[in-house]
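In case you want the letters, here they are:
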Amino acid sequence: MSDFLNAYSIQTWLESCPQGYLENTEFGHSPGAKEPALILENPTVREESIGATVQLVVGERCALAASSGLINSAPDYPSKRFLATQTLDEARHVEIFTQRLFDLGVKKDELEEVIKVHANPNLVKFAEVLLEKVDKGDFLAGVVGQNIVLEGMAFSVFEMMQASNVDLNPKFADTLSGTIADERRHVGFGENRIGSLLREHPEKKPEIEKMQKDMTYHMLATFADSFRGSASAMQETRRIAQAAMPEQKSHVWHGTDLSSADPAAMESVLADTVLKEFKTRLGRIGLEYQQPVRP
Ligand SMILES: [Fe+2]
Ligand SMILES: [Fe+2]
């Protein structure tokens, strides 16, 4: 347990995160960096950016509720302390993505309404499945739902968004890089802590696998809604990106060129990448991935 204690201590968190990759940042990006004019000045692209950022806020609010809610049901102090650091990470993620909504022109008094209008109903259901376990004080299911399923998904979504924004919007790409580093730490904790607990409680497996299947269904439905509904906004974003940066390089992510692939190809590379991660990570903790029907 001593490696575990070190890797997930508050001291390690302080050194690697606030005093490490977040040092000298402002809301996760370089101080003073702005959203590019080509997003702010194009109503279609601006609206699309607001819609995508709302999903990030919804996901991070769920992660904040889950990581803080799990502290009291954690069976040992190292896990409680880690979850306390994770709670602060998730609160920061909520803050920086909310700040992005303000940077995109959302007024402070419209925030909750904008979130309500844009939040994908499937993502809301995904969060409800997880938070039901957390509210019952089910530590094992809660950690699998949060640190393997939710964060495995978030990790790949952020990576894909980071790769598509790196030239077009360095401010947003930087914000994402810091969250990716945080999520990597969170996913690692889930794997390391849960494997041994599951060996002690094999009777919990069927219920946890059912939760994973339900969450995976809502996740795939969320991806389907976002990509299938965004074809015209995607085209518009590429058109202005091309006009602004004719020399733009291609951005290949897991074999798919994100600057030219159609929405169906984008959806499938994201879904395949996340599901592959799920299978590997669940396998490492002794769970068998459960495939839901494809929405
Ligand atoms: Fe997060
Ligand atoms: Fe996280």
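Residues numbered from 1 in each chain as written. Chains lettered and ligands numbered in written order. Predicted model: local features only at pLDDT ≥ 70, side-chain atom pairs only at ≥ 80, totals over all residues. Heavy atoms only, no water.

Here we look at the coordination of the iron ion (ligand 1)
Here comes step 1: For the iron ion (ligand 1), every protein donor is listed as Glu-60 (OE), Glu-60 (OE), Glu-90 (OE), His-93 (ND1) and Glu-183 (OE), and the spread of their distances is 2.1 to 2.7 Å.
Here comes step 2: Taken as a pair, the iron ion (ligand 1) and the iron ion (ligand 2) show a spacing of 3.2 Å, with Glu-90 coordinating each metal. Here Glu-60 is found in helix H4 (residues 43-71), whereas its partner His-93 is found in helix H5 (residues 77-103), with 33 residues between them in sequence. For the pair Glu-60 and His-93, one class covers both residues: buried. (Donors = N, O, S within 2.8 Å, 3.2 Å for Na, K, Ca; no water. Helix = DSSP H or I, 4+ residues; strand = E, 2+ residues; numbered from the N terminus. Buried < 20%, exposed > 50% of the residue type's maximum accessible area, 1.4 Å probe, protein only.)

Section: the coordination of the iron ion (ligand 2)
Reference values for angles at a metal are 109.5 degrees in the four-donor tetrahedral case and 90 or 180 degrees in the six-donor octahedral case.
Here comes step 1: Coordination of the iron ion (ligand 2) by the protein comes from Glu-90 (OE), Glu-151 (OE), Glu-183 (OE) and His-186 (ND1), over a distance range of 1.9 to 2.2 Å.
Here comes step 2: Each of the 4 donor atoms bound to the iron ion (ligand 2) contributes to angles spanning 87 to 167°, and the resulting shape is irregular.
Here comes step 3: Going along the chain, you hit the donors of the iron ion (ligand 2) in the pattern E-x60-E-x31-E-x2-H. (Tetrahedral: all angles 85-135°; square planar, octahedral: opposite > 155°, others 65-115°.)

Topic: the side chain of Arg-193
Here comes step 1: Mapped onto the fold, Arg-193 is located in helix H9 (residues 170-200).
Here comes step 2: In this structure Arg-193 comes out as buried when scored by relative accessible area, which is 11%.
Here comes step 3: For Arg-193, the side chain forms a polar contact with the side chain of Ser-79, separated by 3.1 Å.
Here comes step 4: Of the polar contacts made by the side chain of Arg-193, one reaches the side chain of Ser-196; its length is 3.3 Å. (Polar contact = N/O pair within 3.5 Å; in protein donor to acceptor, adjacent residues only side chain to side chain.)

Considering the environment of Thr-25
Here comes step 1: Along the chain, Thr-25 turns up in the loop between helix H2 (10-21) and helix H3 (37-40).
Here comes step 2: Residue Thr-25 is classed as partly exposed on the basis of its relative accessible area of 32%.
Here comes step 3: Expressed as a C-alpha distance, the spacing of Thr-25 and Pro-246, which sit 221 residues apart in the sequence, is 30 Å.
Here comes step 4: Within the structure, Thr-25 has its side chain in polar contact with the backbone oxygen of Leu-22 (distance 2.6 Å).

Side note on the layout of surface pockets
The gaps of empty space that remain are located by a probe, the size of a water molecule, rolled over the atoms.
Here comes step 1: What the largest pocket holds in volume is close to 1300 Å³.
Here comes step 2: In terms of lining residues, the largest pocket is bounded by 47 residues, among which Glu-48, Ala-52, Met-161, Phe-227 and Ser-230 are the most central.
Here comes step 3: Elements that contribute at least two residues to the lining of the largest pocket include exactly H4, helix H8 (139-165), helix H10 (205-228), helix H11 (231-244) and helix H12 (263-284).
Here comes step 4: Ranked by residues supplied to the lining of the largest pocket, first place goes to H4 with 10 residues.
Here comes step 5: For the lining of the largest pocket, the class distribution of residues is 22 nonpolar, 18 polar and 7 charged. (1 Å grid on protein atoms, 1.4 Å probe; cavity = no way out; pocket = protein on both sides within 12 Å on 5 of 7 lines; lining within 4 Å. Points joined across faces, edges and corners; volume = space filled by probe spheres on them. Nonpolar A, V, L, I, M, F, W, Y, C, P; charged D, E, K, R; others polar.)

Examining the environment of Lys-108
Here comes step 1: Mapped onto the elements, Lys-108 comes out in the loop between H5 and helix H6 (111-118).
Here comes step 2: Each C-alpha atom, one on Lys-108 and one on Val-54, is 14 Å from the other, the two residues being 54 residues apart in sequence.

Here's the deal with the nonpolar core
Here comes step 1: Val-144, Ile-194, Met-219 and Phe-223 are the most contacted members of the largest nonpolar core, which totals 76 residues.
Here comes step 2: For this core, the element with the highest residue contribution is H8, accounting for 16 residues.
Here comes step 3: Here Phe-223 is in contact with Met-153, Val-157, Glu-267, Leu-270, Ala-271 and Val-274, once residues within four sequence places are set aside. (Core = buried A, V, L, I, M, F, W, Y, C linked by side-chain atoms within 4.5 Å. Contact = heavy atoms within 4.5 Å.)

Things to note about unusual backbone geometry
Here comes step 1: The phi dihedral of Asn-24 falls on the positive side, at around 60°, and the residue is not glycine.
Here comes step 2: Inspection of the secondary structure assignment puts Asn-24 in the loop between H2 and H3.
Here comes step 3: For Asn-24, a relative accessible area of 65% translates into the label exposed.
Here comes step 4: The phi angle at Phe-27 is positive, at roughly 50°, despite the residue not being glycine.
Here comes step 5: Topologically, Phe-27 is positioned in the loop between H2 and H3.
Here comes step 6: Among the residues examined, Phe-27 registers a relative accessible area of 34% and is labelled partly exposed.

Quick look at empty space enclosed by the protein
Here comes step 1: The full count for this structure, using the stated rule, is 2 cavities of 30 Å³ or more.
Here comes step 2: When its volume is computed, the largest cavity comes out at roughly 40 Å³.
Here comes step 3: The wall of the largest cavity is formed by Phe-27, His-29, Ile-96, Arg-100, Asp-103, Lys-171, Phe-172 and Thr-175.
Here comes step 4: Contributing elements (two or more residues each) for the lining of the largest cavity: H5 and H9.
Here comes step 5: Considered class by class, the residues forming the lining of the largest cavity number 3 nonpolar, 2 polar and 3 charged.
Here comes step 6: Counted as a void, the second largest cavity has a volume near 30 Å³.
Here comes step 7: Ala-7, Tyr-8, Ser-9, Thr-12, Trp-13, Phe-82, Thr-85 and Arg-185 are the residues that line the second largest cavity.

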